[in-house]
Structures are given as structure tokens and as C-alpha cells.
Amino acid sequence: YQAPPPQHAPHTAFGGAPYQPHPQAPIAPPAYGPVSKPTERPVEKLGIPENFALALPYVPFFIGLVAALVELLMVPRTETRTRFHAAQGLALQLVVLAGSLVFNVVKAVTDNGLGGTLFWLASTIFLIVSAWRVWEGRPHHIAPLDDLTQKLNQKFEPRK
């Protein structure tokens, strides 16, 4: 007869229950529908190709800000993908604008503009990459902006 090998106590975190891996939950599709490549079809009420309409709100230097506002005011709610990217682009542009204002105040107080310059560079690169991703038809969902995106999409009613 051989004695069974000694049992090791299961690994616990802070005296709690033994670690058990989390079961894989199914990944839900993005809230704005299935991902497909933007087409060359003209967007209703704008008359420009869909790929342009999706990418314009992410263009830096206030061009995207104006384009997003125009799209939200003109495009009907049936164009869900265009409205989603217009609202998300507007939210991103507003966050960048707020960040720039904060760094301008810091620069005025400290006479050091390095942080503002780095923020401007990073935000400009992020906006260009965002526009490029949407242009190519790759999914581009910025989760921290979800609440603001939904509020902006609901706030702006399309003109008739």
C-alpha cells in the first residue's frame, strides 16, 4: 500500500475561495450594427459618398468638428452608421478641444508649452488614424465616449 500524494491547498486570493477562471462570455457585436466596408453610394441628404461621410468627422483642425455638426443636422436617422460616426467624431473633437483648452491654461500659468505640444501632436495623430480606419471600413469604436456619443446623436435632430 502506498499513501496518496499530499494534497496542495488551492491558490486563494486574500483568503477567499479558490481561483476559478471566468467562463468566456460571448462577445456582443458593436452597438452600431454589423461591420462592412463603406460604399461609394451617396449618403441621403448629403450627396457625398459614404466613405467620405464616415471619415470627415475625424479630420483634425476644426474641419471634423464642422463636418460632424453638419452631418448630425442633415443626415436622417435611417443612416445609422453615418450618424454614429458623426456623433463619435463630434464627441472626440470636443474632448480634444477641452484638452487643448486645459493645456493652454497650464501654459499661461507655467510658461511651459511642452505638454500642450505633445497633446496636440498625439490628438492630431489619433484623429488621422481614426479617419483612416473608418475610411478603410475597419471597426472604430471609442468606448469611453459612448455616453457622450449617444447624447449627441439623440440631441441633434435631422432637418427635414
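See above for the structure.
In this numbering scheme, every chain counts its residues from 1 along its sequence in written order. Predicted model: local features are reported for residues with pLDDT of at least 70 only, side-chain atom pairs are reported and counted for 80 or more only, and whole-chain, interface and lining totals are derived from all residues. Processing note: side-chain calculations cover all non-hydrogen atoms of the structure and skip hydrogens and water entirely.

Draft legend 1. Seen up close, the nonpolar core. Residue types Ala, Val, Leu, Ile, Met, Phe, Trp, Tyr and Cys, when buried and joined through side-chain atoms within 4.5 Å, form a set referred to as a nonpolar core. The classification of residues rests on relative accessible area computed with a 1.4 Å probe and restricted to protein chains. Under 20% of the type maximum is buried, over 50% is exposed, and intermediate values are partly exposed. One finds Y58, L72, L90, L92, L145, L152 and F156 to be the most contacted residues of the largest nonpolar core, which totals 18 residues. Among the secondary structure elements, those contributing two or more residues to this core are α1 (50–55), α2 (63–74), α3 (80–110) and α4 (114–136). Once residues within four sequence positions are removed from consideration, L72 is found in contact with R83, A86, A87, L90, L152, N153, F156, E157 and P158. Each helix is a run of H or I in the DSSP string that is no shorter than four residues. Each strand is a run of E no shorter than two, and both are numbered from the N terminus. Any two residues whose heavy atoms approach within 4.5 Å are treated as being in contact.

Draft legend 2. Spatial organisation of the pattern of salt bridges. The term salt bridge refers to a side-chain nitrogen of Lys or Arg lying within 4 Å of a carboxyl oxygen of Asp or Glu. Taken as a whole and judged by the stated rule, the model has 5 salt bridges. The partner of R41 in a salt bridge is E50, and the shortest N-O contact between them spans 3.7 Å. Residues participating in the shared-partner salt-bridge network are R41, E50, E79 and R81.

Draft legend 3. Geometry of the packing of aromatic side chains. Stacked, tilted and edge-to-face are the three classes applied to pairs of Phe, Tyr and Trp rings, where Trp contributes its six-membered ring and a pair requires centres within 6.5 Å; stacked means planes under 30 degrees apart, edge-to-face means over 60, and tilted covers the rest. Summed over all chains, the structure comprises 3 aromatic pairs. Judged by centre distance (6.2 Å) and plane angle (35°), the ring pair of F61 and W120 falls under tilted. One end of the pair, F61, is in the loop between α1 and α2; the other, W120, is in helix α4, and 59 residues separate them in sequence. For W120, a relative accessible area of 46% gives the class partly exposed.

Draft legend 4. Summary view of the environment of V70. Turning to its location among the elements, V70 is positioned in helix α2. For V70, a relative accessible area of 41% gives the class partly exposed. Each C-alpha atom, one on V70 and one on P57, is 9.5 Å from the other, the two residues being 13 residues apart in sequence.

Draft legend 5. Quick peek at helix α5 (residues 146–155). When we look at burial in α5, the residues that qualify are T149, L152 and N153. The arc that holds the buried residues of α5, viewed along the axis, is 100°, so those residues lie on one side. Those residues of α5 that are exposed and angled more than 90 degrees off the buried face are D147, Q150, K151, Q154 and K155. Where α5 is buried, its residues touch α2 and α3. It is the directions from the helix axis to the C-beta atoms that the arc portrays.

Draft legend 6. Spotlight on a nonpolar patch on the surface. Residues enter patches when they are more than 30% accessible in relative terms and free of salt bridges; like-charged ones are connected within 9 Å and nonpolar ones (Val, Leu, Ile, Met, Phe, Trp, Tyr) within 5 Å. Areas reported as accessible are Shrake-Rupley estimates using a 1.4 Å probe. Residue values count occlusion only from the protein chains shown. Taken together, the side chains of F61, I63, W120, L121, I125 and V129 make up a nonpolar region of the molecular surface, amounting to roughly 600 Å² of accessible area. Per-element accounting of the nonpolar patch gives the leading share, 4 residues, to α4. Residue classification places F61 among the exposed residues on the basis of a relative accessible area of 51%.

Draft legend 7. Highlighting unusual backbone geometry. The phi dihedral of K45 falls on the positive side, at around 75°, and the residue is not glycine. Along the chain, the position of K45 falls in the segment before α1. Under the relative-accessibility criterion, K45 is labelled partly exposed at 46%. In this structure, F61 takes a positive phi of about 70° despite not being glycine.

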